[in-house]
2 protein chains.
Amino acid sequence: MSDAALWAALADPHRRAIIALLLERPRPVGEIVRACGLSQPSTSKHLKVLRETGLVRVRQDAQRRVYALDPAPIAALDAWLAPYRKLWNDSLDALGHRLDEPPDTAEPCAPKD
Amino acid sequence: MSDAALWAALADPHRRAIIALLLERPRPVGEIVRACGLSQPSTSKHLKVLRETGLVRVRQDAQRRVYALDPAPIAALDAWLAPYRKLWNDSLDALGHRLDEPPDTAEPCAPKD
DNA sequence: CGGTTATATGCCTGTCAAGGAATGGACCAT
DNA sequence: ATGGTCCATTCCTTGACAGGCATATAACCG
């Protein structure tokens, strides 16, 4: 469902930069604006996207809105990653072992459906 | 550098679907075309993007091009993820109401730069 | 209250990427 | 050689998104 939204949110480098900023500590909008060199409205729009995907939470502190990272959605990314991580760990093992492969053409590439 | 390219490549749901297909086993283009319901040219273009980010490799087998997953770039994703994974594991620990990391909040949120 | 700070939203424009259709090109079979 | 299969590339159109500017909203301060 929101898996696509999560990927879309993290696809933007500015948004990843914001995420990285908030990893250090929660920050108000103005600080994020100065850090990522965008205009305040653009930054606000990026924050809105991150909010809607659940990647950040807001806490109101007087006139300021302090944004903080919510790591929960990133867990979904890790879950997506899990099978691939296993695969590349196997690859590293293979490198450590040997490089010659038995005929791995055992799979006849038959269409499954 | 190519970190942005990696994110951009994985941002597209069709490309993630292709990656998932290739996780099971290497496949020729025609099979991928049928599996993801796109036209052959569109599929080829997606495969080109995946090729250019190093996510897949091609092996020529007569007239067919057999694509296979290369998990190496995904390691970069895992590296990116690492700090956040730590964070959300801490959150889970906090849910278990065991906060036996007393001086971990020694960071007074002072502006670093 | 009026002014100021801090943030969000709407509108507009340029850019970029995805998708389809048509085409090109490599390889095989007869 | 010729036709056929499999795949890549080009051209074109369309839609989505980012960014800036102007403006609205909200909270503090006097």
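Cut-off values and rules
Residues numbered from 1 in each chain as written. Chains lettered and ligands numbered in written order. Predicted model: local features only at pLDDT ≥ 70, side-chain atom pairs only at ≥ 80, totals over all residues. Heavy atoms only, no water. Salt bridge = Lys/Arg side-chain N within 4 Å of Asp/Glu carboxyl O. Helix = DSSP H or I, 4+ residues; strand = E, 2+ residues; numbered from the N terminus. Buried < 20%, exposed > 50% of the residue type's maximum accessible area, 1.4 Å probe, protein only. Contact = heavy atoms within 4.5 Å. Buried area = accessible area lost by both parts, 1.4 Å probe. Polar contact = N/O pair within 3.5 Å; in protein donor to acceptor, adjacent residues only side chain to side chain. Nonpolar A, V, L, I, M, F, W, Y, C, P; charged D, E, K, R; others polar. Pairing = 2+ DSSP bridges. Axes fitted to C-alpha atoms, helices over the stretch in contact; angles between N-to-C directions. pLDDT = per-residue confidence, 0-100.

### A closer look at the pattern of salt bridges
Argument step 1. Counted under the stated rule, the structure contains 14 salt bridges over all chains.
Argument step 2. Here B:Asp78 makes a salt bridge to A:Arg85, at a shortest N to O gap of 2.5 Å. Placement of the pair is B:Asp78 in helix α5 (residues 72-95) and A:Arg85 in helix α5 (residues 72-97), with the two residues belonging to separate chains.
Argument step 3. B:Asp78 sits in the buried class, given a relative accessible area of 12%.

### Notes on the interface of chain A and chain B
Argument step 1. With 29 residues of chain A at the interface, the matching set in chain B holds 31 residues.
Argument step 2. Roughly 2,900 Å² of surface becomes buried between chain A and chain B when both sides are summed, with 73% attributable to carbon and sulfur atoms.
Argument step 3. Considering only the side of chain A, the residues that lose the most area to chain B are A:Trp7, A:Arg16 and A:Tyr84, jointly responsible for 21% of the buried surface there.
Argument step 4. At the junction of chain A and chain B, the tally comes to two salt bridges.
Argument step 5. Seen at the junction of chain A and chain B, the total is three residue pairs in polar contact (both at pLDDT 80 or more).
Argument step 6. Residue assignment for the side of chain A that touches chain B shows that the elements contributing at least two residues are α1 (3-11), α2 (13-24) and α5 of chain A.
Argument step 7. The biggest single contributor to the side of chain A that touches chain B is α5(A), with twelve residues.
Argument step 8. Broken down by class, the residue content of the side of chain A that touches chain B amounts to 21 nonpolar, one polar and seven charged.

### Description of the environment of B:Leu6
Residues and elements named next belong to chain B.
Argument step 1. Structurally, Leu-6 can be placed in helix α1 (residues 2-11).
Argument step 2. Classification of Leu-6 as buried rests on a relative accessible area of 4%.
Argument step 3. For the pair Leu-6 and Gly-54, spaced 48 residues apart in the sequence, the C-alpha separation amounts to 8.6 Å.
Argument step 4. The residues touching Leu-6, leaving out its near neighbours within four places in the chain, are Thr-53, Leu-55, Pro-73, Ala-76 and Leu-77.

### Side note on the sheet that holds strand β3 (residues 64-69) of chain A
Strand pairs in the sheet, formed through backbone hydrogen bonds, run parallel or antiparallel to each other.
Residue and element names in this part refer to chain A.
Argument step 1. One open sheet holds the three strands; their spatial order is β1-β3-β2, and the pairing between them is antiparallel. Pairing within the sheet leaves two strands with one partner each, and these edge strands are β1 (27-28) and β2 (56-61).
Argument step 2. The pairing of β2 with β3 spans six bridges and is antiparallel. Residue Val-58 lies in a different strand from β3, and its bridge partner there is Tyr-67.
Argument step 3. In the packing of α2 onto the sheet, the strands contacted are β1, β2 and β3, and the crossing angle to β3 comes to about 90 degrees.

### Some words on the environment of A:Gly54
Residues and elements named next belong to chain A.
Argument step 1. Within the secondary structure, Gly-54 is located in the loop between α4 (40-52) and β2.
Argument step 2. A C-alpha to C-alpha distance of 9.5 Å links Gly-54 and Ile-74, two positions 20 residues apart in sequence.
Argument step 3. If we skip the residues at most four places from it in the chain, Gly-54 touches Asp-70 and Pro-73.

### Digging into the environment of B:Leu81
Argument step 1. Topologically, B:Leu81 is positioned in helix α5.
Argument step 2. Ignoring anything within four residues of it in the chain, the contact list for B:Leu81 reads A:Ile74, A:Leu77, A:Asp78 and A:Leu81.

### Focus on the confidence of the model for chain A
Argument step 1. Scored by pLDDT, chain A has a mean of 84; 79% of the residues are at 70 or more.
Argument step 2. Per-residue pLDDT stays below 50 along residues 98-113 of chain A; that stretch engages in ten contacts with residues further than four places along the chain or on separate chains.

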